[in-house]
Amino acid sequence: MRVRTIGFVILAALAIWFIAANTGSITIRLWIPTVTLPLWIVLTLTLLVGIVLGLLIARRRAQR
C-alpha cells in the first residue's frame, strides 16, 4: 500500500470516530433561520463538502 492511501485511511477513521463521539444537538444560525440539528449531521455535511471541494480543486490542478 502507498503511504498516501494509509494516510487517507487513518484520517477517514479519525473523522468517523470524531463524528461518532459528538452526538449532541446544536443550534445553527443560517443568516435568518435558526436550525437545531444533531452535531454528527453537521460534522458529516462539513466533511462531505470538504471532500467535494478537495476533489474539485485536485481535478482543476491536474488539468493544468
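Here, every reference points to the structure presented above.
Residues numbered from 1 in each chain as written. Predicted model: local features only at pLDDT ≥ 70, side-chain atom pairs only at ≥ 80, totals over all residues. Heavy atoms only, no water.

1. Some thoughts on the pairing of strand E1 (residues 25-29)
Counted residue by residue, E1 has zero buried out of five residues, so it is predominantly exposed. Sheet topology note: the E1/strand E2 (residues 34-38) ladder contains five bridges and is antiparallel. The residue of E2 that forms the bridge with Arg-29 is Thr-34. Counted along the chain from E1 to the antiparallel partner E2, the turn is four residues long, and its residue Trp-31 has a positive phi close to 55°. (Buried < 20%, exposed > 50% of the residue type's maximum accessible area, 1.4 Å probe, protein only. Helix = DSSP H or I, 4+ residues; strand = E, 2+ residues; numbered from the N terminus. Pairing = 2+ DSSP bridges.)

2. Things to note about the packing of helix H1 (residues 3-21) against helix H2 (residues 39-63)
With their axes 8 Å apart at the nearest point, H1 and H2 run at an angle of 155° to one another. For the element pair H1 / H2, the angle class is roughly antiparallel. Crossing handedness for the pair H1 and H2: right-handed. Only Trp-40, Leu-43, Thr-44 and Leu-47 of H2 make contact with H1, whose side of the interface consists of Ala-15, Phe-18 and Ile-19. (Axes fitted to C-alpha atoms, helices over the stretch in contact; angles between N-to-C directions. Parallel < 35°, antiparallel > 145°, perpendicular 65-115°, else oblique. Left-handed = near helix turned anticlockwise from the far one by under 90°. Contact = heavy atoms within 4.5 Å.)

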